[in-house]
Amino acid sequence: MFSSLNLDAQILRAIEEEGYTEPTPIQAQAIPHVLAGRDLMAMAQTGTGKTAAFTLPLLQRLLPHASTSTSPARHPIRALILAPTRELAIQVEKSVETYSRHVALRSTVVFGGIDIKTQKPALAKGVEILVATPGRLLDHVESRNLMLNQVQILILDEADRMLDMGFMPDLKRILTLLPKQRQTLLFSATFSDDIKKLAQDFLANPITVEAERRNTAAETVTQSVLMVDHDNKFDVLADLIRSRGLGSQVLVFTRTKLTAAQLARKLERVGIPSDAIHGDKTQQERINALDAFKANKITALVATDVAARGLDIDQLPLVVNYELPTNAEDYVHRIGRTGRAGASGEAISLVDGEEERRLVEIEKLLKREFPRERAAVSVAPRAAPSHRPARAAAPSHAHTHGKKPAADDWFMKPYVPSPSATKAEEQPAFCQDKPKKQLAALLCRPPEKSQ
Ligand code: AMP
């Protein structure tokens, strides 16, 4: 019961309004320690309720500082939440807003990829809780838009991902700007020696709590592997989506931004409403794609690993790995997108011969083997280009099951971005929403690292 966790009535009210009745295991384990002021190292994958696990006690601890004063001086930053990606930062701040709606504590979020000036007014007014991506936080520090000398609580969310993305130097710099006397909470989906080292450097005598077994995938997710030749992957995916009906949504993962953009385009071409979310899209394009997916306006959302971090999509029934991730731990993150908060979900990986090596790595990590089922392909092997029959207009395929033409002229054409992706694809991979800084970005850290 939340009521036994010693949280203020106004925080409990917000939880109740969200419809939560019981704390999740990570919440039940973490909240008492955080309230007691302990440093915490929490192993919890996304979907376990980890955001509330740190936000609820954080709000409770900051309550004595709640103030309705309009003076910025009364609202110094007292809690800093660092997140690896824009999406996760936005998501976390939304949760902070939700849970703090009945208390006089302010929050805001800062992340790269948008004009830094737009984030200044909220900071100037004063906020107790700041959610930030590391790079942009340092930009604000350099611009003297904020002070971190009153931070009492530091939270590193998805710390493993921050390390993967090379944020260690930024984290170290940020640490030098914070008071030594503070509480630090580290949340990570996966457990590695690097994370342990980070905890040693950043945390003092931490309590370790673990919601899931290390590096295990959520048990509510049914996982399977389909062996597919590389050239047949698209057809298998399209058939899979059609066989479930276009009303049944799917999150599809690719390894690269280019494949994500191309795949979304191809799916659109065959009548499957789709969009892509990856690091070359502007923040607004990513938000639009995500909103369209959440509103069920598109069937398939194609994402790269980094872009997908922090996506909180309720009731997502299916995740497809169109390509296996390079990093086996990303597999755990990917499939954590389905089967959330106790719901059951399904994860299907389309694996070609070249990827078997990666599959073995994943199996080692999960300590289980997947039966290698061969995908039924309803097409003949691809003919040489000159013999390819033309595919009929895309929408007519939208509801067809089974037999399809052996090949598609479209596959032979150069890649043409979809309207929503046009802006993203017009420019090179880095910092495309900051064209003037492209060269600088190639030479140094981009404003937000994304894949
Ligand atoms: P997170 O792991 O923080 O990304 O949370 C995953 C999802 O679980 C979010 O949609 C939360 O709103 C939801 N959630 C968090 N805590 C609870 C709870 N105690 N009961 C039900 N749902 C929850």
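Residues numbered from 1 in each chain as written. Predicted model: local features only at pLDDT ≥ 70, side-chain atom pairs only at ≥ 80, totals over all residues.

## Looking at the packing of helix α6 (residues 134–142) against helix α8 (residues 168–177)
At step 1: Orientation of α6 relative to α8, taken along the N-to-C sense of each, is 45°, at an axis distance of 10 Å. Taken as axis vectors, α6 and α8 run oblique relative to one another. Along this stretch, α6 crosses α8, giving a crossing that reads as left-handed. Along the contact surface, α6 presents Pro 134, Gly 135, Leu 137, Leu 138 and Val 141, while α8 presents Asp 170, Leu 171, Arg 173, Ile 174 and Leu 177.
At step 2: In terms of residue class, the contact of α6 with α8 is built from seven nonpolar, one polar and two charged. (Axes fitted to C-alpha atoms, helices over the stretch in contact; angles between N-to-C directions. Helix = DSSP H or I, 4+ residues; strand = E, 2+ residues; numbered from the N terminus. Parallel < 35°, antiparallel > 145°, perpendicular 65-115°, else oblique. Left-handed = near helix turned anticlockwise from the far one by under 90°. Contact = placed C-beta atoms within 7 Å. Nonpolar A, V, L, I, M, F, W, Y, C, P; charged D, E, K, R; others polar.)

## Things to note about the environment of Arg 86
At step 1: Position of Arg 86 relative to the elements: it lies in helix α4 (residues 86–99).
At step 2: Owing to 27 C-beta atoms within 10 Å, Arg 86 belongs among the buried residues under this scheme.
At step 3: When the C-alpha atoms of Arg 86 and Phe 111 are compared, they prove to be 5.6 Å apart, with 25 residues separating the residues in sequence. (Buried ≥ 20, exposed ≤ 12 C-beta atoms within 10 Å, placed from the backbone.)

## Some points on the environment of Ile 195
At step 1: Within the fold, Ile 195 resides in helix α9 (residues 193–202).
At step 2: Taking the C-alpha atoms as reference points, Ile 195 and Asp 160, separated by 35 residues in sequence, lie 6.3 Å from one another.
At step 3: Filtering out sequence-adjacent residues up to four positions away, Ile 195 remains in contact with Ala 159, Asp 160, Leu 163 and Ser 188.

## Here's the deal with the sheet that holds strand β7 (residues 207–210)
Pairing between the strands of a sheet comes from backbone hydrogen bonds, and it takes one of two forms, parallel or antiparallel.
At step 1: Spatially, seven strands are ordered β3-β4-β2-β5-β6-β1-β7 in an open sheet, and the strand pairing comes out parallel. Whereas interior strands pair on both sides, the edge strands pair on one side only; in this sheet they are β3 (107–110) and β7. Averaged over neighbouring strand pairs, the angle between their axes works out to 15° when direction is ignored. (Pairing = 2+ DSSP bridges.)

## Side note on the sheet that holds strand β13 (residues 345–351)
At step 1: The seven strands lie next to each other as β10-β11-β9-β12-β13-β8-β14, forming an open sheet whose pairing is parallel. With partners counted over all chains shown, the strands left at the sheet margins are β10 (274–277) and β14 (372–374), one partner each. In this sheet, adjacent strand axes meet at a mean angle of 25° when their direction is disregarded.
At step 2: Note that strand β9 (residues 250–253) and strand β11 (residues 300–303) share four bridges and pair parallel. Residue pairing in the sheet places Val 252 in a bridge with Val 302 of β11.
At step 3: Seen against the sheet, helix α10 (residues 233–244) touches β8 (221–227), β9, β11, β12 (318–321) and β13 and runs at an angle of roughly 160° to β13.

## Observations regarding the nonpolar core
At step 1: Residues Ala 42, Ala 132, Leu 186, Val 252 and Leu 350 are the most contacted members of the largest nonpolar core, which totals 109 residues.
At step 2: Summarising the domain contributions, this core has at least three residues from each of domain 1 (2–210) and domain 2 (221–374).
At step 3: When residues no more than four places from it in sequence are discounted, the contact partners of Leu 350 are Leu 226, Val 228, Lys 233, Val 236, Leu 237, Val 320, Asn 321, Tyr 322 and Ala 375. (Core = buried A, V, L, I, M, F, W, Y, C linked by C-beta atoms within 7 Å. Domains from an automatic or database assignment.)

## Here's the deal with unusual backbone geometry
At step 1: Of note, Asn 6 is a non-glycine position whose phi angle comes to about 60°, a positive value.
At step 2: A positive phi angle, near 45°, is found at Asn 205, a position not held by glycine.
At step 3: Among the secondary structure elements, Asn 205 is positioned in the loop between α9 and β7.

## A look at the confidence of the model for the protein chain
At step 1: For the protein chain, per-residue confidence averages 81 on the pLDDT scale, and 78% of positions sit at 70 or higher.
At step 2: In the predicted structure, residues 380–451 sits below a pLDDT of 50 and forms 105 contacts with residues beyond four places in sequence or in another chain. (pLDDT = per-residue confidence, 0-100.)

## As for the pairing of β12
At step 1: Here β12 shows no split at all, with Leu 318 and Val 320 on one side and Val 319 and Asn 321 on the other all buried.
At step 2: As defined by bridge partners, β9 adjoins β12 across four bridges and the pair is classed as parallel. Bridging across to β12, Val 250 finds its partner in Leu 318.
At step 3: The sheet contact formed by β12 and β13 spans four bridges and is parallel. Bridge assignment links Leu 318 to a residue of β13, and that residue is Glu 346.

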